[in-house]
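Report on the structure
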Amino acid sequence: MPRILAAAVVLVAAGVVLVLEILALRLAAPYVGLTLETYSAAIGVALLGIAAGAWIGGRCADAVDPRRTLGPTLIVAGVLVLLVPPIVDGLGPHLTGRGSLGTLAVVGAGTGPAILVLSMAHPAVVKLRLAALEQTGTTVGGLSAVGTLGALGGTFLTGFVLLGELSTREIALGAGLLVVVLGVVVSITLRRSAPHGIAVILPALAVLPALAVLLASDGVCERETRYYCARVEAFRLGAYPPGKLLVLDNLFHADVVPSRPQLLLLPYLREMKSIVDAFRPGGQPITALHVGGGGFAFPRYLEATRPGTRSTVLELDPGVVEIARDELGLRTGPDLRVRTGDARMSILDEPSDAYDLVVGDAFASRSVPWHLTTSEFLAEVQRVLRPDGVYTLNLIDGGELRFLRAELATLESVFNDVVVIANPGQTSGNFVVAASPSQLPLDALRRRIAATGNEVIDATTLTDGAPILTDDFAPVDQLIGSTPRDDQ
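Keep in mind the model is a prediction, meaning the values are calculated, not measured.

1. Re the overall build of the protein
For the protein, the count of helices and strands is 18 helices and twelve strands. Principal-axis analysis of the C-alpha atoms gives the protein an extent of 90 × 50 × 40 Å. Out of the 488 residues belonging to the protein, those deemed buried represent 52%. Expressed as a percentage of contacts within the protein between residues at least 6 apart in sequence, the contacts between residues at least 24 apart total 74%. Summed over its atoms, the accessible surface of the protein is roughly 21200 Å², and 61% of this surface lies on carbon and sulfur atoms. Here the protein carries 37 positive and 46 negative side-chain charges, and the mean point of each set is 7 Å from the other.

2. Quick notes on helix α12 (residues 297–305)
All buried positions along α12 are accounted for by Ala297, Phe298, Pro299, Arg300, Tyr301 and Leu302. Where α12 is buried, its residues contact β4 (251–256), α11 (267–279), β5 (287–291), β6 (310–315), β7 (336–340) and β8 (355–360).

3. What to know about the pairing of strand β3 (residues 243–248)
Burial analysis of β3 places five of its six residues in the buried class, which makes it a mostly covered element. Of the strand pairs in this sheet, strand β2 (residues 229–235) and β3 are connected by six bridges, and their pairing is antiparallel. By the bridge assignment for β3, Ala230 is matched with Leu248. Hairpin connection from β3 to β4: two residues lie between these consecutive antiparallel strands, with Asp249 at a positive phi of about 55°.

4. Comments concerning the nonpolar core
Formed by 53 residues in total, the largest nonpolar core has its most connected members in Met1, Leu70 and Leu118. Elements with a contribution of two residues or more to this core: α1 (3–32), α2 (36–63), α3 (66–82), α4 (84–95), α5 (99–119), α6 (121–129), α7 (136–165) and α8 (168–190). A total of 19 residues in this core trace back to one element, the largest contributor, which is α1. Those residues in contact with Leu70, other than ones at most four positions away along the chain, are Met1, Ala121, Ala124, Val125, Leu128 and Val186.

5. Re empty space enclosed by the protein
Summed over all chains, the structure comprises four cavities of 30 Å³ or more. By volume, the largest cavity amounts to about 80 Å³. Around the largest cavity, the lining comprises 13 residues; the ones closest to its centre are Arg26, Leu27, Pro30, Arg169 and Cys221. Of all elements in the fold, only α1 and α8 reach the threshold of two or more residues within the lining of the largest cavity. Here the lining of the largest cavity gets four residues from one element, more than from any other, and that element is α1. Counted by class, the lining of the largest cavity contains seven nonpolar, two polar and four charged residues. Put simply, the second largest cavity is a space of about 60 Å³. Val291, Gly360, Asp361, Ala362, Val368, Leu372, Phe377, Tyr391, Leu393 and Asn394 are the residues that line the second largest cavity. The leading source of residues in the lining of the second largest cavity is strand β9 (residues 385–397), at three residues. Partitioned by chemical class, the residues of the lining of the second largest cavity number seven nonpolar, two polar and one charged.

The rules we used
Residues numbered from 1 in each chain as written. Predicted model: local features only at pLDDT ≥ 70, side-chain atom pairs only at ≥ 80, totals over all residues. Heavy atoms only, no water. Helix = DSSP H or I, 4+ residues; strand = E, 2+ residues; numbered from the N terminus. Buried < 20%, exposed > 50% of the residue type's maximum accessible area, 1.4 Å probe, protein only. Contact = heavy atoms within 4.5 Å. Areas by Shrake-Rupley, 256 points an atom, 1.4 Å probe, with all protein chains shown as cover. Lys, Arg positive; Asp, Glu negative; His and termini not counted. Charge placed at Lys NZ, Arg CZ, Asp CG, Glu CD. Pairing = 2+ DSSP bridges. Core = buried A, V, L, I, M, F, W, Y, C linked by side-chain atoms within 4.5 Å. 1 Å grid on protein atoms, 1.4 Å probe; cavity = no way out; pocket = protein on both sides within 12 Å on 5 of 7 lines; lining within 4 Å. Points joined across faces, edges and corners; volume = space filled by probe spheres on them. Nonpolar A, V, L, I, M, F, W, Y, C, P; charged D, E, K, R; others polar.

Okay, structure coming up:
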């Protein structure tokens, strides 16, 4: 087998394996969420497929002349790559809510077969390139190095370029056709030394049906952003004008009535409103920094009810901003500006003592991103706040209040006054927290919160013995159980 062609096969096969590993996260997220289990399933399935493919491929290379099997194997692998999105979309709705086993099943069935067959190519190429035992180390080592470079290329190309420019189906289409074409080239090149016409024709006949299935499957995404499978759903609430729900992956993130931005439909947003009203009388303009945009309900509410308010929103995903502009009524300008990028980095560029209010409402799946919970990040929040300003954040605890208690302790290590708003006896779900470098207006806040049936609870009553969260200290043993289950 020519050296260049051998290197191309190993490079492309390894690269596409890593493309599929990353695509698995995006394809499965609308059905099983983007959780630690999803990441573990994607990595585990890829490693299992590589191991099984290498073992099976090695056995096949010894049993059958690889000059006859390598080309058809690649064509079959390309067909399986084309079928990855339709398989995930077909199984996903039936495995939603099935926990870790459901996650493993949808990822494994979707990407496992393609990864396994792709990984069968490497042993066949090694056998075709190995001319003498004295060259074993050089041949095996060189092809392994090329395969690693292909894996790196697939990883960087997908994460840095492809997912920002193309949909998952377009990526699967390109990768599958590349592998099919490579299989045809290999078959033609090796045909003279080992004729295998029907072995190539049969898998090649499956290419067109696989293409048709891929192109006919739409999936559940209306739009794919850099980070999410996104869709917007319409709803109607009583006599109000039509509203819009923003769904990212498998989670509801926001509901807004685009023509009535002064409406806050979610309870936690109304509690944040009470916090703002308690320290700044209604109608007065404020300066606000929002960590997380989503549906942009709260920035638009402040703009509509407090004329002259200036808000800056730090939103990770440019695609979410585009959706908010196109479908949720967002209009940016001097009084409402958006900066895209990770808030942990973006906040470093914000001026000190510049904001009356900082709002924390950023989520990765069901939890606040870890690096936005630590004392190091909170120190930056405290820096940009004015001395009499307030930081209010929304967080979710999955039970036993371990994460809530740790985050409250971390806030107390940075801020002078910290309270949490919750239902009496509440042990899971959403909690709204308020913190200030000075003193919170507790009497005014309690009057506003009393009508909701919630209470304003001093953080010190919950933080005894709770750990302080830092960038380099994750007390996993004390936080186990604080991530909500799928049914929460």
